[in-house]
Amino acid sequence: MVSGWRLEKIKNLMHIETGSRNTEHKDDSGRYLFFVRSHKIEYIDTYHYDCEAVLTAGDGVGTGKVFHYVNGKFDAHQRVYVMSKFDGIDGKYFYYNFSTSFINEVIKQTAKSSVDSIRRNMIADMEILLPPISEQHAIVEILSNMDGYIAAQEKLIAKKKAIKQGAMQELFTGKWRLPGFDGEWIERKLSEILDVGHGQNQKGIEKPDGKYPILGTGGEMGHTNCYLYDRPSVLVGRKGTIDNPQYIDKPFWTIDTLFYTIIHDNFLAKYLYYLFCMIDWNKYNEASGVPSLSSKTIGEIEVRIPLLPEQTAITTVLSDMDTEIEALTVKLNKATSIKRGMMQELLTGRIRLIKPEATTGPVIKGGYRESVILVALVNAFSTEQYPFTAFDRQKFPYLFHRHIEGVAKGYKKFAAGPYNPDLKYKAARPIALKKRYIRECVGLYKGDVVAENAGEALNYFAQWYGDEPLKWMEQFRYIKNRKEELELLTTVDKAIMELRFAGSPVTMLMVKEVIKKTPAWKDKLTRPLFSDANITRAIEWGIALFGQGE
């Protein structure tokens, strides 16, 4: 048992009941959230609840897997459990715990029954490992911050996808012509642009360690050392999923439910992929049951298409958008993985945010996490001769958080640029020193190096973040005049974030205005480091590192 934590049955911590509404009560124009037996949230025009609650499906496809947290007015289906009136437990802490730790317990209990459902007493009698309320609040704050970042990334990705979709609509109808292009487009049947190849059965050619992918309508299905085609191609479903074109530019094998295309000269495969994404393939479905297409039908589809140079230019624009979306998706997946790792440690008590002997004292908000990050940075960037300085302890974590989370919270405008006093006085460094993760060292100057217990923190860092962030940070190791350059970069980046938050344009003059209006920063504009050219360079540098943001 974790020191200071206790086991408690859920029924002793909250009220459990079912909703009273049915699916027919939903109203798409309703004002209030309506929780039903799926991940989808409907709307309703009346409400029965105005409180903090956690909800899960009692039966159906969502049994034990559909969890929602709400704090406000809402209603619930009669087969949805509403857990509310929390006593001695933070409602959102329970949500995080219930949506992870208890899913296996729910599945285990429902497996004993011939009916895919969960009864109220199953939930009521489950036990939860409960830390003191102050530690619950601390855990919730950290996980909520990650949720906020994840939601912001999801919103940004959706926005970028919508922008790309709008651009495709304009580009492929010719309403938007890229600079330098004004020639007439030609009308062609697809049979004049490409030939349709038929996939083949994969039996007998599959190899677990094969060099080439075997593709079906749902994506990669296996590997082989043979290939059907070895040039860029657009793939489209013959049977089943016919409205999900794929693009591939390496040798491949397709199974018999997936067509591939052999592109004629003067036509670009990647352009045709984007064009295929604009076609309503279901309109060409030839079956009343499982959706189906024929090569003849595909060949008869008529399209308008520009000459090869304009195809290439349009493809470049859309590929750049895809690259940005993919980079954002990598960040989103990374953040989701980090949150999952943090939950495993925090909700089991393997990592404590409050010392066991001081559970009624003040919460150390994220302090341990920050100390782990600091130790990893000290380990990567310090030696006995060149220890990790006070300046490094501010700027390197700032860059780390901007890369991982998109924001660097807690940083104020100090003379040397963004500065987070909590890192020095309340969180990262005090914890790391006390646990003997780092120690003070005087080499060519004063700073920190790793100490005898650093391995513990480095192990946590590896679990939470992997090795990608430190590989990304390597670009700052050998830059010339590193201290001045990082002061310039982080100061300008902090100004950029302020402008974006205010909805203002990001320009060199606007960044200078932010610096000028900041008492601790205004003297920077008298230094050559903050010349117009260097501020412009730092803006471009920051955008290259962190993207355009919102």
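Use the structure listed above.
As a starting point, this report considers the structure included with it.

The rules behind the values
- Residues numbered from 1 in each chain as written.
- Predicted model: local features only at pLDDT ≥ 70, side-chain atom pairs only at ≥ 80, totals over all residues.
- Heavy atoms only, no water.
- Phe/Tyr/Trp six-rings, centres within 6.5 Å; stacked < 30°, edge-to-face > 60°.
- Helix = DSSP H or I, 4+ residues; strand = E, 2+ residues; numbered from the N terminus.
- Buried < 20%, exposed > 50% of the residue type's maximum accessible area, 1.4 Å probe, protein only.
- Lys NZ or Arg CZ within 6 Å of the ring centre and 35° of its normal.
- Polar contact = N/O pair within 3.5 Å; in protein donor to acceptor, adjacent residues only side chain to side chain.
- Contact = heavy atoms within 4.5 Å.
- 1 Å grid on protein atoms, 1.4 Å probe; cavity = no way out; pocket = protein on both sides within 12 Å on 5 of 7 lines; lining within 4 Å.
- Points joined across faces, edges and corners; volume = space filled by probe spheres on them.
- Nonpolar A, V, L, I, M, F, W, Y, C, P; charged D, E, K, R; others polar.
- Core = buried A, V, L, I, M, F, W, Y, C linked by side-chain atoms within 4.5 Å.

Points about the packing of aromatic side chains
Then, number 1: Evaluation of the coordinates by the stated rule reveals 31 aromatic pairs.
Then, number 2: Each ring, one from Y368 and one from Y437, has its centre 6.3 Å from the other, and the planes form 75 degrees; the classification is edge-to-face. Here Y368 is found in helix α8 (residues 367–381), whereas its partner Y437 is found in the loop between α11 (428–434) and β20 (438–442), with 69 residues between them in sequence. Across the pair, Y437 and Y368 agree in class, each one buried.
Then, number 3: Taken together, the ring pairs in this structure connect Y368, F400, Y437, Y460, F461, W464 and Y465 into an aromatic cluster.
Then, number 4: When the ring centre of F546 is taken as reference, the NZ or CZ atom of R402 above it lies at 4.3 Å.
Then, number 5: Residue placement shows K413 over the ring face of W521; its charged tip is 5.7 Å from the ring centre.

Comments concerning the side chain of D493
Then, number 1: When you line up the elements, D493 lands in helix α14 (residues 482–501).
Then, number 2: A residue is classified by how much of its surface remains accessible, and D493, at 3% relative accessible area, is buried.
Then, number 3: Among the polar contacts made by the side chain of D493, one reaches the side chain of Y398 at a distance of 2.6 Å.
Then, number 4: Among all residues touching D493, those that are not within four sequence positions of it are Y398, R402 and F546.

What about empty space enclosed by the protein?
Then, number 1: Under the defined criterion, the tally for this structure stands at one cavity of 30 Å³ or more.
Then, number 2: A volume near 40 Å³ is recorded for the largest cavity.
Then, number 3: Residue lining of the largest cavity: I142, M342, L346, I351, L353, R369 and W464, and that is the complete set.
Then, number 4: Counted by class, the lining of the largest cavity contains six nonpolar, no polar and one charged residues.

Quick word on the nonpolar core
Then, number 1: Residues F94, F98 and F476 are the most contacted members of the largest nonpolar core, which totals 84 residues.
Then, number 2: Examining the composition of this core, we find that 10 residues originate from one element, helix α4 (residues 133–173), more than from any other.
Then, number 3: Counting residues in hydrophobic clusters, the runner-up holds 33 residues, among them I242, L272, I314 and L318.

That is the geometry; function is a separate question.
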